[in-house]
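Results of the structural survey
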Amino acid sequence: MGVIPLSPTDLALASFLILALAWMSYRLHLGLEKRILISALRTTVQLLLIGFVLRIVFDLAHPAWIALMAFIMLMAAGREVLARQKRRFKGWQGFGLGVTAMFTSSFTITLFALSAVIKIEPWYTPQYAIPLLGMLLGNTMNGISICLDRLTNTAWQQRAVIEQRLMLGQTSVEALLDIRRDSMRAGMIPIINSMAGAGLVSLPGMMTGQILGGNSPIDAVKYQILIMFLIAAGTGFGVMIALRLASRRLFDERHRLRLDCLVSKK
Amino acid sequence: MSRLHIKALCYQGRGPFNLTVQAGQCVGLSGISGSGKTLMLRAIADLDTHSGHVFLDDAECQTMQAPQWRKQVGLLPTESQWWHDTAGENFTSAVELTLLKRLGFDEDALSWQVSRLSSGERQRLALARLLSSRPQALLLDEPTASLDSANIQNAETLIVEYRRDTGAAVLWVSHDMEQIARVAERHFQIHHEALKEQII
């Protein structure tokens, strides 16, 4: 059984839900209607575009095109991490930090999954490489932006506490320990929760998609387990790298807290 | 026995300041609010960027690791900070019970919830915490600002004895001229460009 194709009318019907939600938000003065509509519009346009792009990239199956696509995805994720920070690092550091962490963890893990686990030939086969990378990048991006946001915000609010600990002769690592732990937890909780709730509370999107697409549930489940592990590892290592880079930048070589390296969003 | 020597210290557009606190000596520091007393203590503890030199005996600040410097040059901020729930968990070195007793606490105080402490209790515990780590120089930023007169006397006596016993140099910021006269051997008033010695 193949998937039942959706017509534009079907989607228009579903979009009434969004319109209704926006209308309620307007009536209840929640102030979310504009953001709901804009992001629904963005989702439509971006996904339609990516559909066309994927069709071309799948047809060409050339490593250069896949690399270009991966690069664009990484840059977009970097921008998104930056946009979600209330207080971010000044200049290129803010962007570079998230990108470095995401690149190191997502790309390594995607490569590992393609070449060692799935063992597809050639390893860059776009039907596998791009969705895998996309899922890893998306989740790692979430983890990193939550974690960095928590780190910089807490450091800002608890400036006096951090400096008190420094005054007592603690190193920058010791003085930031609790905040780092807390930020790590914040970044990891979503994926830990979704692993714990998978199957019981929620059927993950990828698995649902495969089942709707007519695959056997057992095959879909196996892939979903793989994806969960990859995402948890990608998010975890990405968050650790980002935390390490960011907490180093919060201090100078004399173990002074340098909040002047942060700018707050207007 | 340690001498604190400050040479051409500049921070945030202020200075250069020169000051020597001999081993076992206490120097009082006063000045209108906003004159940069706290900033000076922070610069000496190397918490803010600065130029010039600070020596503890012959050792210059930059020649050692910053945490090591701050363990020796202990800064007591006006408002102490606590990051764990109970008071005792916030001590970074072994607690000296005699210090606690001298400040009017017994051992129980270590298990008290920090959030339930009064500002005076916090200030006294912060002093006990700092002295427990045995610094060789003390930078005290209005250390008795939230204390009643009996506790002020306790704290003053304790600090005087600490510097006599250990030979620590003490720089004591206070608004209270009478307190400076009681505890300090010299008194400087801080101005934008220089320190002016006052008669005690």
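Regarding the overall build of chain B
- Assigned secondary structure in chain B consists of 6 helices and 10 strands.
- Here the C-alpha radius of gyration of chain B, 16 Å, is about what a compact globule of 200 residues would show, namely 16 Å.
- Its C-alpha atoms give chain B principal-axis dimensions of about 45 × 35 × 30 Å.
- Counting every position in chain B, which comprises 200 residues, the buried fraction comes to 55%.
- A separation of at least 24 residues holds for 67% of the contacts in chain B among residues at least 6 apart in sequence.
- Accessible surface for chain B amounts to roughly 8700 Å². Of this, 47% is attributable to carbon and sulfur atoms.
- Where the 19 positive side-chain charges of chain B centre and where its 24 negative ones centre are 3 Å apart.

Observations regarding the interface of chain B and chain A
- Counting residues at the interface gives 25 residues for chain B and 17 residues for chain A.
- Carbon and sulfur atoms supply 55% of the area that chain B and chain A bury against each other, a total of about 1900 Å² over both sides.
- When the buried surface of chain B facing chain A is broken down by residue, B:Leu47, B:Arg70 and B:Trp83 rank first, second and third, together holding 30% of it.
- At the surface where chain B touches chain A, the tally comes to 3 salt bridges.
- Two residues, B:Asp46 and A:Arg256, come together in a salt bridge whose shortest N-O distance is 2.5 Å.
- Counting residues per element, the ones that place at least two in the side of chain B that touches chain A are helix H2 (66–72) and helix H4 (119–132) of chain B.

What about the nonpolar core?
- Ranked by internal contacts, the top residues of the largest apolar core, which has 82 residues, are A:Ile162, A:Leu250, B:Leu4, B:Met40, B:Ile44, B:Leu139 and B:Leu171.
- Considering every element that reaches this core, the biggest residue donor is helix H5 (residues 126–157) of chain A, with 11 residues.
- With sequence-adjacent residues up to four places away left out, A:Leu250 is seen in contact with A:Phe89, A:Leu151, A:Ala155, A:Leu176, A:Arg256, A:Leu257, A:Arg258, A:Leu259, A:Cys261 and A:Leu262.
- One finds B:Leu103, B:Ala128, B:Ala155 and B:Val183 within the second-largest nonpolar core, a separate group that totals 36 residues.

Re the domain arrangement of chain A
All names here are of chain A.
- Here chain A is described as being made up of domain 1 (1–60) and domain 2 (62–264).
- Taking the mean C-alpha position of each, domain 1 and domain 2 sit 26 Å from one another.
- Taken residue by residue, the interface counts 10 residues in domain 1 and 11 residues in domain 2.
- Contact between domain 1 and domain 2 buries roughly 830 Å² in total, counting both sides, with carbon and sulfur atoms accounting for 70%.
- Summed over the shared surface of domain 1 and domain 2, the result is 0 salt bridges.
- Along the contact surface separating domain 1 from domain 2 lie 1 residue pair in polar contact (both at pLDDT 80 or more).
- When the residues that make up the side of domain 1 that touches domain 2 are grouped by side-chain class, the tally is 8 nonpolar, 1 polar and 1 charged.

Overview of the side chain of B:Gln123
All names here are of chain B.
- For Gln123, the location among the structural elements is in helix H4.
- For Gln123, a relative accessible area of 5% translates into the label buried.
- Here the side chain of Gln123 touches Ser146 through a polar contact of 2.8 Å, landing on its backbone nitrogen.
- Those residues within four positions of Gln123 in sequence are excluded, and the remaining contacts are Thr78, Glu142, Pro143, Thr144, Ala145, Ser146 and Leu147.

Basis of the calculations
Residues numbered from 1 in each chain as written. Chains lettered and ligands numbered in written order. Predicted model: local features only at pLDDT ≥ 70, side-chain atom pairs only at ≥ 80, totals over all residues. Heavy atoms only, no water. Helix = DSSP H or I, 4+ residues; strand = E, 2+ residues; numbered from the N terminus. Rg over C-alpha atoms; globule rule 2.2 N^0.38 Å. Buried < 20%, exposed > 50% of the residue type's maximum accessible area, 1.4 Å probe, protein only. Contact = heavy atoms within 4.5 Å. Areas by Shrake-Rupley, 256 points an atom, 1.4 Å probe, with all protein chains shown as cover. Lys, Arg positive; Asp, Glu negative; His and termini not counted. Charge placed at Lys NZ, Arg CZ, Asp CG, Glu CD. Buried area = accessible area lost by both parts, 1.4 Å probe. Salt bridge = Lys/Arg side-chain N within 4 Å of Asp/Glu carboxyl O. Core = buried A, V, L, I, M, F, W, Y, C linked by side-chain atoms within 4.5 Å. Domains from an automatic or database assignment. Polar contact = N/O pair within 3.5 Å; in protein donor to acceptor, adjacent residues only side chain to side chain. Nonpolar A, V, L, I, M, F, W, Y, C, P; charged D, E, K, R; others polar.

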